[in-house]
Amino acid sequence: MRSTVALVTLFVGIAVAPAQIAVVPSPEATLAENRAAGELAKYLGEMGVNIVPISKAATKIYIGQSRQAARLCPDIDWKRLGNEEVILRTVGDDLVVGGGRPRGSVYAVYRLLDRLGTRWWTPWATSVPKRRGLALPRLNIREKPAFEYREPFWFHVFDPDWAMRNAVNGQTENLDEAHGGGTYYEGFVHTYYPLVPPEKYFATHPEWYSLINGKRTTDNAQLCTTNLEMRRVLLEEVKRRLRANPKAAIVSVSQNDCFNPCQCDVCQALAKAEGSESAPVLALANFVADGIKDEFPKVAVDTLAYQYTRHAPKTLRPRPNVIVRLCSIECDFGVPLTHARNKDFANDVRDWSRLTQRLYVWDYVTNFAHYIQPLPNVGVLGPNLKFFSENGVKGVFEEGDYNSNGGDMAELKAWMMAQLMWSPKASPRKLRDEFLRGYYGKAATAIGKYVDLMDAAAATRPAHIYDGPNAPYLALPILQNAESLWTQAERAAGDAETLRRVKVGHLSIRYVWLRNWAALRREASNSGQPWPLPDSRKAVAEEWLSVAKSAGPRGWSPVSVVNEGSQSVEAFVKAMSVQPPP
Ligand SMILES: [Zn+2]
């Protein structure tokens, strides 16, 4: 039976007079489509739109696949729409907000709300514009996201509501059926030893593991990927795991997080013939892919092109049900991947892209040794996603600070990436400025200058993901400018919540002062430059901790760790509370 979630007043087409409208979910709506329809009604209500009974509705917004949607859009073959494909179409006085399943109609709702100005900056900050009525141009849109897999991997993104509204579809966001589901892996990465455990097999089958300098070993090593007996055991383990995990769309069969590929004659002959250590790794992935395709036709095998396997083989092609995840870990992140400084990696993207239709990228967007410290990469996020999209990349995993809030410009970066993963053609600069205005209010101008300052600093100096607090782009004159801009931003903030957001952003630069205190003080003193902070490092550290631990609105949780090694904020501040000798 048709249900009416809400009735609203809306202008459709060129606004002349308000029309009475209703939000009408499909009678066959899924859980997620119903939920999205409810959200549409809720946000329209928050915008201040008047609600009228359905019998008085001159305009209806039809959500999802239904008889009405089919009647209004007879040219659309609804069953053949992509699983995330969106339809937004004005027909007469009505509006069809539909799409494929499971997430097309869901995303259609949020794309419509986005057009109406709603923004979900973070789980704790949403902007809903107030309006008298809703002026919409006549719509005829059919679109889908540029990437099939989209995961900006930041701590606050793991909120399923935020992820769904921003069209993120990974697995850590826990997108259940009501959120349209996500992309679920069996195993996620570095699965060689979980699949063929050395403690179970090494004693009886040392030949299944890497031959290094004439000895079989499992010490920071890999599998002997060409060993046929090992392959059969691994395949059976993959099948067993997939039978137990029907949600999985991808199974990871990927190298361990170290080097030491097998040096046996068979592995090396293959690597040599193909000109890359990726060949023996890909050969194993292909073997598993062939072995599972009949029983699991919808599951893909994921393997890495990472460190020693980054270069593509000359001729060996991944099977159609293999995903290659190419990792950018060695790159210079202060400049786009198309820059001369990243030429090798850009070539790897192009080479892999020629071999496969299922190329994913594992990209790095934070400093893992110092999450809080600036990694000035805001300006490269857009160009990099555009480069991926233009070179046939189908999925993007952007690994950020995933352990805690507080990562450098985490809120801005995660939001920008989610938008650009939908459409890498969007203007990154426009998105950036929009976020700064929406999230930081009156402090936006100073923070925009700070982002420019840091981006410019990294553009001419190398920037890597394990840089220390003495990285060249964190030189004293740059820090002094940055400190001054954050102080201006705090003064401009106005209300308490904006000030809290600004202070959290300011933690990054303060983190560098604290970590590199002695050297910076010496330099300031020797060069006669002013010292912009109190003389006591302990005082600065304690103020830092009070901001990091401060409470915030619902959806926010205090900063808990400062790096991937999980050093707690308390341990960091304790270490910083000792006054270094002058
Ligand atoms: Zn081998």
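Preceding this paragraph is the structure being described.
Before going into details, it helps to say that this report is about the structure given with it. (Residues numbered from 1 in each chain as written. Predicted model: local features only at pLDDT ≥ 70, side-chain atom pairs only at ≥ 80, totals over all residues. Heavy atoms only, no water.)

## Brief notes about the overall build of the chain
And step 1. Helix and strand content of the chain: 19 helices and 18 strands.
And step 2. Its C-alpha atoms give the chain a radius of gyration of 26 Å, within 12% of the compact-globule value 25 Å for 582 residues.
And step 3. Counting only C-alpha atoms, the chain reaches 80 × 70 × 40 Å along its principal axes.
And step 4. In the chain, which comprises 582 residues, the share counted as buried stands at 58%.
And step 5. Once local pairs closer than 6 in sequence are excluded, the contacts in the chain between residues at least 24 apart make up 70%.
And step 6. A total of about 23,100 Å² of accessible surface is found on the chain, and carbon and sulfur atoms cover 52% of it.
And step 7. Treating the 70 positive side-chain charges of the chain as one cloud and the 61 negative ones as another, the clouds have centres 5 Å apart. (Helix = DSSP H or I, 4+ residues; strand = E, 2+ residues; numbered from the N terminus. Rg over C-alpha atoms; globule rule 2.2 N^0.38 Å. Buried < 20%, exposed > 50% of the residue type's maximum accessible area, 1.4 Å probe, protein only. Contact = heavy atoms within 4.5 Å. Areas by Shrake-Rupley, 256 points an atom, 1.4 Å probe, with all protein chains shown as cover. Lys, Arg positive; Asp, Glu negative; His and termini not counted. Charge placed at Lys NZ, Arg CZ, Asp CG, Glu CD.)

## Quick look at empty space enclosed by the protein
And step 1. Tallied over the entire structure, the rule returns four cavities of 30 Å³ or more.
And step 2. The space that makes up the largest cavity amounts to roughly 130 Å³.
And step 3. Contributing to the lining of the largest cavity are 14 residues, with R111, D114, R165, N166 and Q419 lying nearest its centre.
And step 4. Listed by contribution, the elements that provide at least two residues to the lining of the largest cavity are α3 (104–115), β6 (119–122) and α12 (410–422).
And step 5. Classifying every residue of the lining of the largest cavity gives seven nonpolar, three polar and four charged.
And step 6. For the second largest cavity, the calculated volume is near 90 Å³.
And step 7. What lines the second largest cavity is E490, K503, H506, L507, R510, V540, E543, W544 and V547.
And step 8. For the lining of the second largest cavity, the secondary-structure elements that each account for two or more residues are α16 (496–515) and α18 (537–548). (1 Å grid on protein atoms, 1.4 Å probe; cavity = no way out; pocket = protein on both sides within 12 Å on 5 of 7 lines; lining within 4 Å. Points joined across faces, edges and corners; volume = space filled by probe spheres on them. Nonpolar A, V, L, I, M, F, W, Y, C, P; charged D, E, K, R; others polar.)

## Things to note about the packing of aromatic side chains
And step 1. The final tally for this structure, using the stated rule, is 34 aromatic pairs.
And step 2. The interplanar angle of 45° and the centroid separation of 4.6 Å between the aromatic rings of F153 and F397 together place this pair among those described as tilted. Of the two residues, F153 is situated in strand β10 (residues 149–153) and F397 in strand β18 (residues 393–399); the sequence distance between them amounts to 244 residues.
And step 3. Residue classification places F153 among the buried residues on the basis of a relative accessible area of 10%.
And step 4. On the accessibility criterion, F397 (1% relative accessible area) is buried.
And step 5. One Lys or Arg, R325, reaches over the ring of F397 and ends 6.0 Å from the middle of that ring. (Phe/Tyr/Trp six-rings, centres within 6.5 Å; stacked < 30°, edge-to-face > 60°. Lys NZ or Arg CZ within 6 Å of the ring centre and 35° of its normal.)

## Details of helix α17 (residues 517–526)
And step 1. Residues of α17 that are buried include every one of W517, L520 and A524, and no others. Projection of α17 onto a plane perpendicular to its axis shows the buried side chains occupying an angular sector of 75°, all on one side. Facing away from the buried surface of α17 by more than 90 degrees, the exposed residues are S525 and N526.
And step 2. Each element contacted by the buried residues of α17 is listed here: α15 (476–492), α16 and α18.
And step 3. One or two residues past the end of α17 sits G528, with phi positive at roughly 70°. (Arc of directions from axis to C-beta.)

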